[in-house]
Amino acid sequence: SGETVVVDFTADWCLTCKTLEAYVLDTPTVREALGADDVVALKADWTRGDPEVTAALAALGSKQVPVIAIFPAARPNQPIVFRDGYTQTSLLEALKSARHTN
(Lines give C-alpha, C1' and ligand atoms only; values in the text may rest on other atoms or scores of the structure.)
Protein backbone atom coordinates (compact mmCIF):
# COMPACT_ATOMS: atom_id res chain seq x y z
CA SER A 1 0.00 0.00 0.00
CA GLY A 2 3.01 2.30 -0.37
CA GLU A 3 3.97 2.28 3.29
CA THR A 4 7.20 1.28 4.97
CA VAL A 5 6.56 -1.27 7.72
CA VAL A 6 8.64 -1.44 10.90
CA VAL A 7 8.28 -4.55 13.06
CA ASP A 8 9.65 -4.63 16.61
CA PHE A 9 10.17 -8.25 17.67
CA THR A 10 10.18 -8.20 21.46
CA ALA A 11 9.23 -10.11 24.61
CA ASP A 12 8.31 -9.06 28.14
CA TRP A 13 11.09 -11.22 29.61
CA CYS A 14 13.77 -9.68 27.35
CA LEU A 15 15.75 -7.10 29.34
CA THR A 16 17.58 -5.87 26.24
CA CYS A 17 14.23 -5.38 24.50
CA LYS A 18 12.92 -3.32 27.41
CA THR A 19 16.10 -1.21 27.49
CA LEU A 20 15.88 -0.52 23.74
CA GLU A 21 12.22 0.34 24.11
CA ALA A 22 12.95 2.85 26.86
CA TYR A 23 16.07 4.47 25.42
CA VAL A 24 15.46 4.22 21.66
CA LEU A 25 11.90 3.42 20.61
CA ASP A 26 10.08 5.46 23.25
CA THR A 27 11.93 8.71 22.50
CA PRO A 28 10.27 11.73 20.88
CA THR A 29 12.40 11.64 17.72
CA VAL A 30 11.87 7.94 17.05
CA ARG A 31 8.16 8.08 17.96
CA GLU A 32 7.75 10.95 15.48
CA ALA A 33 9.53 9.01 12.71
CA LEU A 34 7.48 5.87 13.39
CA GLY A 35 4.29 7.94 13.39
CA ALA A 36 4.84 9.35 9.89
CA ASP A 37 1.99 8.94 7.42
CA ASP A 38 3.98 6.57 5.21
CA VAL A 39 5.16 4.31 8.06
CA VAL A 40 3.31 1.48 9.80
CA ALA A 41 4.84 0.43 13.14
CA LEU A 42 4.01 -3.04 14.46
CA LYS A 43 5.03 -5.04 17.51
CA ALA A 44 5.58 -8.81 17.31
CA ASP A 45 5.26 -10.08 20.90
CA TRP A 46 7.28 -13.24 21.49
CA THR A 47 6.65 -13.36 25.24
CA ARG A 48 4.89 -16.72 25.01
CA GLY A 49 6.83 -18.10 22.04
CA ASP A 50 4.07 -17.45 19.50
CA PRO A 51 4.67 -19.79 16.51
CA GLU A 52 3.93 -17.04 13.95
CA VAL A 53 6.51 -14.75 15.54
CA THR A 54 8.98 -17.65 15.72
CA ALA A 55 8.46 -18.30 11.99
CA ALA A 56 8.89 -14.60 11.14
CA LEU A 57 12.09 -14.43 13.18
CA ALA A 58 13.40 -17.54 11.40
CA ALA A 59 12.57 -16.00 8.01
CA LEU A 60 14.73 -13.03 9.03
CA GLY A 61 17.57 -15.34 10.08
CA SER A 62 17.06 -14.88 13.80
CA LYS A 63 16.39 -17.23 16.69
CA GLN A 64 16.08 -14.64 19.45
CA VAL A 65 14.91 -11.14 20.25
CA PRO A 66 15.40 -8.21 20.08
CA VAL A 67 15.03 -7.73 16.35
CA ILE A 68 13.80 -4.71 14.42
CA ALA A 69 12.88 -5.27 10.77
CA ILE A 70 12.19 -2.38 8.41
CA PHE A 71 10.36 -3.39 5.23
CA PRO A 72 10.65 -0.57 2.66
CA ALA A 73 7.49 -0.15 0.56
CA ALA A 74 9.53 -0.18 -2.66
CA ARG A 75 11.36 -3.39 -1.75
CA PRO A 76 9.48 -5.27 1.00
CA ASN A 77 11.36 -8.50 0.27
CA GLN A 78 14.65 -6.80 1.20
CA PRO A 79 14.19 -5.78 4.84
CA ILE A 80 16.72 -3.85 6.85
CA VAL A 81 17.25 -5.97 9.96
CA PHE A 82 18.80 -5.06 13.31
CA ARG A 83 19.60 -7.98 15.59
CA ASP A 84 20.54 -7.70 19.26
CA GLY A 85 20.61 -3.90 19.34
CA TYR A 86 20.50 -0.55 17.62
CA THR A 87 20.78 3.12 18.44
CA GLN A 88 18.46 6.02 17.77
CA THR A 89 20.82 7.18 15.05
CA SER A 90 21.14 3.81 13.31
CA LEU A 91 17.38 3.21 13.44
CA LEU A 92 16.51 6.69 12.16
CA GLU A 93 19.08 6.45 9.35
CA ALA A 94 17.73 3.06 8.26
CA LEU A 95 14.16 4.31 8.38
CA LYS A 96 15.11 7.39 6.35
CA SER A 97 16.86 5.20 3.79
CA ALA A 98 13.85 2.88 3.56
CA ARG A 99 11.42 5.75 3.12
CA HIS A 100 13.55 7.42 0.43
CA THR A 101 13.63 4.28 -1.68
CA ASN A 102 9.84 4.38 -1.95
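Preceding this section is the structure that the text describes.
Rules used in this analysis
- In every chain, residue numbers begin from 1 and rise along the written sequence.
- Given that this is a predicted model, residues contribute local features only at a pLDDT of at least 70 and side-chain atom pairs are listed and counted only at 80 or more, while totals for whole chains, interfaces and linings are drawn from all residues.
- Excluded from the side-chain calculation are hydrogens and water; included are all heavy atoms of the structure.
- Any two cysteine sulfur atoms lying within 2.5 Å of each other are counted as a disulfide.
- Residue burial is assigned from relative accessible area. The probe radius is 1.4 Å, only protein chains are included, and a residue is buried under 20% of its type maximum, exposed over 50%, and partly exposed in between.
- Buriedness of a pocket was judged along seven lines, with at least five required to meet protein on both sides within 12 Å; pockets are open sets of points on a 1 Å grid over the protein atoms alone, cavities are sets where a 1.4 Å probe fits but cannot get out, and lining residues have an atom within 4 Å of a point.
- Grid points are joined across faces, edges and corners, and a volume is the space filled by probe spheres set on the points.
- Helix and strand assignments come from DSSP, with helices taken as H or I runs of at least 4 residues and strands as E runs of at least 2, each series counted from the N terminus.
- Ring geometry is summarised as follows: Phe, Tyr and Trp rings, the Trp one being its six-membered ring, pair when their centres sit within 6.5 Å, and such pairs are stacked at plane angles under 30 degrees, edge-to-face over 60 and tilted between the two.
- As used here, the term nonpolar core means buried Ala, Val, Leu, Ile, Met, Phe, Trp, Tyr and Cys residues forming a set that is joined through side-chain atoms within 4.5 Å.
- Here, residues are in contact when the closest pair of their heavy atoms is within 4.5 Å.

Remarks on the state of the cysteines
- Per the stated rule, a full pass over the model turns up 1 disulfide.
- Note that cysteine 14 is cross-linked by a disulfide to cysteine 17, the S-S spacing being 2.4 Å. Disulfide cysteine 14 to cysteine 17: torsion about the S-S bond roughly 80°, handedness right-handed.
- Residue cysteine 17 is classed as buried on the basis of its relative accessible area of 5%.

As for the layout of surface pockets
- Within this model, the largest pocket holds a volume of roughly 190 Å³.
- If you trace the largest pocket, you find it lined by Val6, Asp8, Glu21, Leu25, Asp26, Arg31, Leu34, Ala41, Leu42, Lys43 and Ile68.
- Contributions of two or more residues to the lining of the largest pocket are made by β1 (4–10), α1 (15–25), α2 (28–34) and β2 (39–45).

Thoughts on unusual backbone geometry
- Going from valine 65 to proline 66, the amide bond is cis rather than trans, its omega being 10°.
- One can find proline 66 in the loop between α3 (51–59) and β3 (67–71).

Considering the packing of aromatic side chains
- Following the criterion strictly, the structure yields 2 aromatic pairs and no others.
- Their ring planes at 50° and their centres at 6.1 Å tell us that tryptophan 13 and tryptophan 46 sit as a pair that is tilted. You can see tryptophan 13 sitting in the loop between β1 and α1 and its partner tryptophan 46 sitting in the loop between β2 and α3, a full 33 residues away along the chain.

Notes on the nonpolar core
- In this structure, Ile68, Ile70, Tyr86 and Leu91 are the most contacted members of the largest nonpolar core, which totals 17 residues.
- If one sorts the elements of this core by residue count, helix α4 (residues 88–100) sits on top with 4 residues.
- Each residue touching isoleucine 68, except ones within four places of it in the same chain, is listed here: Val6, Val7, Asp8, Leu25, Ile80, Val81, Phe82, Tyr86 and Leu91.
- In terms of nonpolar packing, the next biggest core, distinct from the first, is built from 13 residues, Phe9, Ala11, Cys14 and Leu57 among them.

In short, geometric facts, not functional conclusions.
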